[in-house]
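# Fold and geometry: a report
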Amino acid sequence: MELVWGNLKNTELANLCPDILHDADTAAHTGLHRIGSSYQLCFNFLDHTGLRL
């Protein structure tokens, strides 16, 4: 979870200063969709934990 949050903060939420909370919510959802849509990124996050399936 820390890797997902870190990736989200460094990409979609980096330097974000929204006027309304809805803009921050939209950016966060966009980032989570981007992460969830990338098999390689999800696999790399899982691999980094050292856990085995």
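Details of the structure are given in the entry above.
Scope of this entry: the structure provided in the associated data block.

The rules behind each value
- Residues numbered from 1 in each chain as written.
- Predicted model: local features only at pLDDT ≥ 70, side-chain atom pairs only at ≥ 80, totals over all residues.
- Heavy atoms only, no water.
- Helix = DSSP H or I, 4+ residues; strand = E, 2+ residues; numbered from the N terminus.
- Rg over C-alpha atoms; globule rule 2.2 N^0.38 Å.
- Buried < 20%, exposed > 50% of the residue type's maximum accessible area, 1.4 Å probe, protein only.
- Contact = heavy atoms within 4.5 Å.
- Areas by Shrake-Rupley, 256 points an atom, 1.4 Å probe, with all protein chains shown as cover.
- Phe/Tyr/Trp six-rings, centres within 6.5 Å; stacked < 30°, edge-to-face > 60°.

### What about the overall build of the protein chain?
- Scanning the protein chain for helices and strands turns up three helices and zero strands.
- In the protein chain, the succession of α and β elements from N to C terminus is α-α-α.
- For the protein chain, whose C-alpha radius of gyration is 13 Å, the value lies well above the compact-globule estimate of 10 Å for 53 residues.
- Overall, the protein chain is about 45 × 15 × 10 Å in size when its C-alpha atoms are taken along their principal axes.
- Each of the 53 residues in the protein chain was classed as buried or not, and the buried ones make up 19%.
- Counted over contacts in the protein chain with a minimum sequence separation of 6, partners at least 24 positions apart contribute 35%.
- When the accessible surface of the protein chain is split by element, carbon and sulfur atoms take 60% of a total near 4400 Å².

### Looking at the packing of aromatic side chains
- Inspection of every chain in the model, using the stated rule, returns one aromatic pair.
- On the basis of an interplanar angle of 15 degrees and a centroid distance of 6.2 Å, the ring pair of Tyr39 and Phe43 is categorised as stacked. With Tyr39 and Phe43 both in helix α3 (residues 39–49), this residue pair falls four residues apart, about one helical turn.

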